Amino acid sequence: MRYHNDAAITIDGVSKQYEGEGGTTTALREMSLSVSSGEFVTVLGPSGCGKTTLLRLVSGLESPTDGDITVAGKLVQGPDPNRGTVFQAYHLFPWLTVRENVAFGLVEQGVPDAERQDRVQEMLEVIGLSNFADAYPKELSGGMKQRVGLARALAVDPDILLMDEPFGSVDMQTRRQLQDELIDIWRDTDKTVLFVTHDIEEAVALSDRIVVMSGTPGCVQATVSVAESRPRNRSAQWFVDQVETLFERIKSNT
Amino acid sequence: MATEFDPVADSSGIRSQPTTTTAFGREWNLTRLWYGFVGTAGFLAVWWAGGREVPSYLLPTPGEVAGALWAELVSGELLVHLGESLLHYIPGVAVGVVAGGLLGIGMGWSLVIDAALTPVVRVLRPIPPLAWIVFAIIWLGLGHTGAAFIVFIGAFWITFYNAYEGVESASRDLIEVATTLGVDTNRRLLWRVVIPDALPGILTGVRTSVGQCWMMVIAAELFGAPGVGYEIITSANNLAMARSIAYMLVISVVFLLSDWAVRRVRSYLLDWQQ
């Protein structure tokens, strides 16, 4: 078990409202959550429960209407490469090769050429795409694209990884594989992960802690700790039971 | 802007069976080539039959046109007049594309510039480039500079419009990704995301400019600037219709060549897209 003590992410009484034509929509209401350094926390909930909004607030792409989000003791006021973000739709830069996509953040940080190339090469090896370094995103499968998306976020060595349903667009087989790879990377690198999904099994397989959200407006409905060691056997009784319990929980609230 | 000269019209996907692609981006196979040959022969036959019936000053035959073209070529006059046309075409297109592209990028990106210039742009943009000929004449005279000015206006608005659209519709998602990766200035965002994302649109503007501006060139020359268009009108005034048509064909050839060249550059720059 990892050593969890100082809070890497603190979400304190955060609300988010959108002004629309039909009036005000509340996406999140007084949400509070604390994620420890090195912890893998998954926010689980049905679509429309505000979990993506929560992640966007933590990444700094949007600001809360109320409440504060602090990361490593500092108030979040905008995006920062120290909070690497991985998106469901990959959002790779189509005009850049795999290598250039992975290098994007390093270039912006002014990392010297030689060091940058080493780092990119290292990342390409981690995600197993060294042979595709000079391919353009259009030539890649969904799973490969998301590996690049992950490597691009990891290249600048962020303390925190924010993942918005990252494996939601790939097939079952690839999803499992990516989940395993993510766990390996997470174990090797000591990152704090805030992961968003609607896939209960995925949440149980990956997380230290699962935050169940219900909508609308979104708020925390329950928090479940999963202490089992990884890799987790998905056919073990505890796993099946946990998935079932969470399923019932979400169902009773929608 | 959809005229019969529109060089982008053929990318609309009317042809549905991909075979091999070669010259001018069309699909070629033997059947198509054969039909093309028959069609061309039929066209020339009708032209020839018509030209035989009427005096040459009304409609010269294909043979007479070919003869005139050959004569212009060997005398070197053709190259001289083509050179004159290029002397205002190239600078006009180059400056117009760069200036229009920059303004389009600026207005597409900056809300302040957009708000400030939109009224002026709305009023000036619909004015056909040729309407500016009066200013070209009184400011610059109808030499190379005046004609280049007309060409410039044509290229300017076409590129402006495409660049503006491209930048304005640049992917918000990719801009967000860039900010999460540490891009925090407008300059870097433009350079790293917005302009690359708008490049396909900008290059469409360049390509359309390169095509449409041949029309501007000819139009300016019909008013008296030296060049191929001037030869078309003066030959016709002298009832030398074969020579006139020969120079019309020259325009067609340089149009196709310049369009082909731009397409090559475009597919090179956008190799990530195909």
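Residues numbered from 1 in each chain as written. Chains lettered and ligands numbered in written order. Predicted model: local features only at pLDDT ≥ 70, side-chain atom pairs only at ≥ 80, totals over all residues. Heavy atoms only, no water.

## Considering the overall build of chain B
Broken down by element type, chain B carries 10 helices and 2 strands. Starting at the N terminus and walking to the C terminus, you meet the elements of chain B as β-β-α-α-α-α-α-α-α-α-α-α. Taking all 274 residues of chain B together, 42% fall into the buried category. Considering only contacts in chain B between residues 6 or more positions apart, those separated by 24 or more positions represent 70%. Put simply, chain B shows about 14,600 Å² of open surface, and 69% of that area lies on carbon and sulfur atoms. (Helix = DSSP H or I, 4+ residues; strand = E, 2+ residues; numbered from the N terminus. Buried < 20%, exposed > 50% of the residue type's maximum accessible area, 1.4 Å probe, protein only. Contact = heavy atoms within 4.5 Å. Areas by Shrake-Rupley, 256 points an atom, 1.4 Å probe, with all protein chains shown as cover.)

## Here's the deal with the interface of chain B and chain A
Taken together, the contact between chain B and chain A spans 19 residues of the former and 21 residues of the latter. Carbon and sulfur atoms make up 64% of the area that chain B and chain A hide from each other, which totals about 1,900 Å². Of all residues in chain B, Leu181, Arg192 and Trp272 of chain B bury the most surface against chain A, accounting for 37% of the area lost on that side. In this assembly, chain B and chain A are joined by 3 salt bridges. Glutamate 108 of chain A is the salt-bridge partner of arginine 192 of chain B, the closest N and O atoms lying 2.8 Å from each other. Seen at the junction of chain B and chain A, the total is 6 residue pairs in polar contact (both at pLDDT 80 or more). Broken down by element, the residue count for the side of chain B that touches chain A peaks at 7 residues, all from helix 7 (residues 172–180) of chain B. (Buried area = accessible area lost by both parts, 1.4 Å probe. Salt bridge = Lys/Arg side-chain N within 4 Å of Asp/Glu carboxyl O. Polar contact = N/O pair within 3.5 Å; in protein donor to acceptor, adjacent residues only side chain to side chain.)

## Some details on empty space enclosed by the protein
All names here are of chain A. Counting across every chain of the model gives 2 cavities of 30 Å³ or more. By volume, the largest cavity amounts to about 50 Å³. Every residue along the wall of the largest cavity is listed here: Met172, Arg175, Arg176, Gln179, Asp199, Glu201, Glu202 and Arg234. When residues of the lining of the largest cavity are traced back to their parent elements, those giving at least two are helix 5 (172–189) and helix 6 (200–206). Counting residues per element, the lining of the largest cavity draws most heavily on helix 5, which supplies 4 residues. Tallied by class, the residues present in the lining of the largest cavity amount to 1 nonpolar, 1 polar and 6 charged. Taken as a whole, the second largest cavity encloses approximately 40 Å³ of empty space. (1 Å grid on protein atoms, 1.4 Å probe; cavity = no way out; pocket = protein on both sides within 12 Å on 5 of 7 lines; lining within 4 Å. Points joined across faces, edges and corners; volume = space filled by probe spheres on them. Nonpolar A, V, L, I, M, F, W, Y, C, P; charged D, E, K, R; others polar.)

## Concerning the pairing of strand 1 (residues 7–20) of chain A
Residues and elements named next belong to chain A. Note that strand 1 and strand 2 (residues 23–36) share 10 bridges and pair antiparallel. Paired with isoleucine 11 across the strands is leucine 33, a residue of strand 2. From the end of strand 1 to the start of strand 2, which pair antiparallel, there are 2 residues. In the sheet, strand 1 pairs with strand 4 (residues 66–71) via 5 bridges, with the strands oriented antiparallel. Looking across to strand 4, one finds that isoleucine 9 is bridged to valine 71. (Pairing = 2+ DSSP bridges.)

## What to know about the sheet that holds strand 4 of chain A
Residue and element names in this part refer to chain A. One open sheet holds the 4 strands; their spatial order is 2-1-4-5, and the pairing between them is antiparallel. Looking along the sheet, the strands with just one partner apiece sit at the ends: strand 2 and strand 5 (74–75). Together, strand 1, strand 2 and strand 4 form the strand contacts of helix 1 (residues 51–59), whose direction differs from that of strand 1 by roughly 115°. (Axes fitted to C-alpha atoms, helices over the stretch in contact; angles between N-to-C directions.)

## Digging into the nonpolar core
Grouped together as the largest cluster of nonpolar side chains are 64 residues, with contacts concentrated most on Phe93 and Phe104 of chain A together with Ile150 and Val193 of chain B. A total of 15 residues in this core trace back to one element, the largest contributor, which is helix 8 (residues 186–222) of chain B. Residues contacting phenylalanine 93 of chain A, with those up to four places away along its chain left out, are Asn101, Phe104, Pro137 and Arg152 of chain A together with Leu174, Val177, Ala178, Leu181 and Val193 of chain B. Residues Val102, Leu140, Phe167 and Leu178 of chain A belong to the second largest nonpolar core, which totals 37 residues. (Core = buried A, V, L, I, M, F, W, Y, C linked by side-chain atoms within 4.5 Å.)

## Focus on the environment of valine 102 of chain A
Residue and element names in this part refer to chain A. Counting through the fold element by element, valine 102 comes out in helix 2 (residues 98–108). Separated by 48 residues in the primary sequence, valine 102 and leucine 54 place their C-alpha atoms 26 Å from one another. Residues contacting valine 102, with those up to four places away along its chain left out, are Val120, Met123, Leu124, Val148, Ala151, Arg152 and Ala155.

## Concerning the packing of aromatic side chains
Following the criterion strictly, the structure yields 17 aromatic pairs over all chains and no others. Each ring, one from tryptophan 139 of chain B and one from phenylalanine 149 of chain B, has its centre 6.0 Å from the other, and the planes form 65°; the classification is edge-to-face. With tryptophan 139 of chain B in helix 5 (residues 133–140) and phenylalanine 149 of chain B in helix 6 (residues 144–168), this residue pair connects regions lying 10 residues apart in the sequence. Judged by its relative accessible area of 54%, tryptophan 139 of chain B is exposed. Of the residues examined, phenylalanine 149 of chain B reaches a relative accessible area of 17% and is grouped as buried. Among the aromatic residues, ring-to-ring pairing joins Phe152, Phe156, Trp157, Phe160 and Tyr164 of chain B into one connected group. Positioned above the aromatic ring of phenylalanine 104 of chain A is the side chain of arginine 192 of chain B, whose terminal nitrogen or guanidinium carbon lies 4.0 Å from the ring centre. (Phe/Tyr/Trp six-rings, centres within 6.5 Å; stacked < 30°, edge-to-face > 60°. Lys NZ or Arg CZ within 6 Å of the ring centre and 35° of its normal.)

## Some remarks on the sheet that holds strand 8 (residues 192–197) of chain A
Residue and element names in this part refer to chain A. Pairing within the open sheet is mixed, and its 6 strands lie in the order 6-7-8-3-9-10. Of all the strands in the sheet, just strand 6 (83–86) and strand 10 (219–225) have a single pairing partner and so form its edges. Across the sheet, the mean angle from the axis of one strand to that of its neighbour is 20°, orientation sign disregarded. Contacting strand 3 (40–44), strand 7 (160–164) and strand 8, helix 5 crosses the sheet at an angle of about 140° to strand 3.

## Focus on the pairing of strand 10 of chain A
All names here are of chain A. Pairing of strand 9 (residues 209–214) with strand 10, which is carried by 6 bridges, proceeds in the antiparallel orientation. Residue valine 212 lies in a different strand from strand 10, and its bridge partner there is alanine 222. Hairpin remark: strand 9 followed by strand 10, antiparallel, with 4 residues in the connecting loop.

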